[in-house]
Structures are given as C-alpha cells and as structure tokens.
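Here are the chains, one letter per residue:
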Amino acid sequence: MTSHERTADGLPEDATVHPDASLPVHDLDQRLAGALERMGHVSRTMLLRQAYAEGVSPLQHQLLLRVHAMAGRARVSDLAVELDVSQATVSEALGTLRRKELVTKAPDPVDRRNTIYSVTSAGEALHTRLSSWDGPLAESLAVVGDDDKATALRVVLGLVADLHDDGVVAVARTCLTCRYFDDAGGSTPAPYRCTLLAVDFGDAQLRVDCAEHEARASAGGGA
Ligand code: SF4
C-alpha cells in the first residue's frame, strides 16, 4: 500500500470522485457514473474489435445491427436520430454497405417518397457474426445472480428513461419509456403490466429494444 491519502471511509481516494466537495453530487453517484463510463468504454472497444475483424467501420457495424432490428422499416432519417449522426453520414455509410451487398434499398410501401433499407442474405450472415460482439461480457454476466441482474437492468433502464426525458438520449425503445407500460398496482414478482399485450411481468423481463414500443407522451418527444 502506498502513502496515498485516505478518505472518510478509510479507503484510498477514487479518481472518479470530483474533488470539489461543494458540488451537490454524492460520492456513490460519481463512482457509479464512473463505472458506467468504464463499461461504455469496454463495450465500445469490443464493438470496434468485432467491426474491424469483419472489415466494416464501427458506424457500418451499428447501422447493420439497426437496419436488421428495424426489420424493413429502416429509413435514413430514423437511423440518423437513433445513432445521433447526420443523415448525410448515414447515407454515405449505407451506400458503402450497399456496394458491399450487405443492405438493399426499396421504396417505402407506406410512403413511396421514402426509401427503406433491409439487410441482404450476406448482411444477415454478417449480422449473425457481428451480434456476438458482446460475447466476453455475456460470459461474465453468466455467473451473476438473476436477482442482481434484474435489479441492474431496472436501474440502468431507469437512468436511460430519465436521460431520454431530459432530451440527452434521442431514442429509447424500452418499457420504461413506453406508453403501454403500467407500474401502478402490480405486486412482486410481476409488478408491471404491458397494457398492449395484457401481460404482467417483472424487472428481469423489462425490454431494452421492443418492436412494439410506442413513446409515452412525457418521454421527451423521441421515439
Ligand atoms: S409494448 Fe414493449 S416496451 Fe411497451 S410495455 Fe409492452 S413490452 Fe414493454
């Protein structure tokens, strides 16, 4: 042990805790925010490695995953909002994916003035390989207890919902930002209700990217 200064809890100082004690931020909040930042860095690193190993850029990687998830509903404007980049950037990256024959475009059957993108069979195969980018993280999570994971899921999705309401996160298709989510009156182990599907469920079943999601009125106006 070096001679680093100890804090009130007897442990060494934590670099994630801001030294200005006048800030109205709790130490634990700062350390948790720091841990989430580390986790975000780890996720980005894993995603980058997987993308470069498959010969696509990180943006092309994310686009392929989103075009696949949107299942024939992917428009440039929606993809730009979801990935927080300009429509020109999305169009350029989609052009590259088309030249690689990983995505294809067609007129939107709902509004033929728009164009929608879908993955090709080659894109489908690449999507399957790219989807394993979080393998190391999934392996680590496999040994964590289900109750802890369910609580972590609720807490993280709660943070995403707050940031979505504040306009920091543009798109969040989670239960906690959904107009069909009802958390009034239920009881453990299924305290929530999806009023669209008339199903009761608990923390472990909270959806992160639901195909049936519709933004609730107070959820920052995003998707
Ligand atoms: S529609 Fe999807 S996101 Fe909305 S409450 Fe139901 S399961 Fe959750």
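In this convention, every chain numbers its residues from 1, walking through the sequence in written order. At least 70 in pLDDT is required for a residue's local features to be given in this predicted model, at least 80 for side-chain atom pairs to be given and counted, and no such filter applies to totals for whole chains, interfaces and linings, which use all residues. Calculation of side-chain values draws on the structure's entire complement of heavy atoms; hydrogens and water are dropped beforehand.

An unreviewed UniProt entry annotates the protein as MarR family transcriptional regulator of Nocardioides oleivorans.

Draft legend 1. Broad picture of the site of the ligand. By convention in this text, a residue qualifies as near a molecule or strand provided that one of its non-hydrogen atoms is within 4 Å of it. For the ligand, the full set of nearby residues is Thr 174, Cys 175, Cys 178, Tyr 180, Phe 181, Cys 194, Arg 207, Cys 210 and Glu 212. As a working rule, the residues Ala, Val, Leu, Ile, Met, Phe, Trp, Tyr, Cys and Pro are called nonpolar, Asp, Glu, Lys and Arg charged, and the rest polar, with Gly in that last group. A per-class count over the shell around the ligand returns six nonpolar, one polar and two charged.

Draft legend 2. The arrangement of the sheet that holds strand S5 (residues 199–201) in detail. A sheet is described by the order of its strands in space; here three strands give the open sequence S3-S4-S5, paired in antiparallel fashion. What marks the edges here is a single partner per strand, and that holds for strand S3 (181–182) and S5. Summarising the sheet, strand S4 (residues 192–194) and S5 pair through three bridges and their orientation is antiparallel. Its bridge partner lying in S5, Cys 194 is registered against Val 199. Strand pairing is assigned whenever DSSP detects at least two bridges linking the two strands. For helices the rule is a DSSP run of H or I covering at least 4 residues; for strands it is a run of E covering at least 2, with both sets numbered from the N terminus onward.

Draft legend 3. Region of interest: the nonpolar core. Note on terminology: a nonpolar core comprises buried Ala, Val, Leu, Ile, Met, Phe, Trp, Tyr and Cys residues joined through side-chain atoms within 4.5 Å. Note on classification: 1.4 Å probe, protein chains only; a residue is buried when its accessible area is under 20% of the maximum for its type, exposed when over 50%, partly exposed between these limits. Ranked by internal contacts, the top residues of the largest apolar core, which has 21 residues, are Leu 63, Leu 79 and Leu 94. Taken together, the elements giving at least two residues each to this core come down to helix H2 (58–69), helix H3 (76–83), helix H4 (87–99), strand S2 (115–119) and helix H5 (121–130). Residues count as neighbours in contact if any of their non-hydrogen atoms are within 4.5 Å of one another. Not counting residues within four places of it along the chain, the set of residues in contact with Leu 63 comprises Leu 79, Leu 83, Val 90, Ala 93, Leu 94 and Leu 97.

Draft legend 4. The arrangement of helix H1 (residues 27–53) in detail. Between the first and last C-alpha of H1 there are 39 Å, a value that for 27 residues agrees with the 39 Å anticipated at 1.5 Å per step. Regarding H1, the residues found buried are Gln 30, Gly 34, Ser 43, Met 46, Leu 47, Gln 50 and Ala 51. If you follow the buried residues of H1, they end up packed against H2, H5 and helix H6 (135–141). Taken from the residues just after H1, Gly 55 is the one with a positive phi, measuring 75°. Take the number of residues in a helix, subtract one, and multiply by 1.5 Å to get its expected span.

Draft legend 5. View of the UniProt feature "domain: HTH marR-type" (unreviewed entry) in the protein. UniProt positions are given in the numbering used here, feature names are shortened, and annotations may be inferred rather than shown by experiment. Here, UniProt's "domain: HTH marR-type" (unreviewed entry) annotation points to residues 29–162. Span residues 29–162 is 69% helix and 7% strand, its end C-alpha atoms 15 Å apart.

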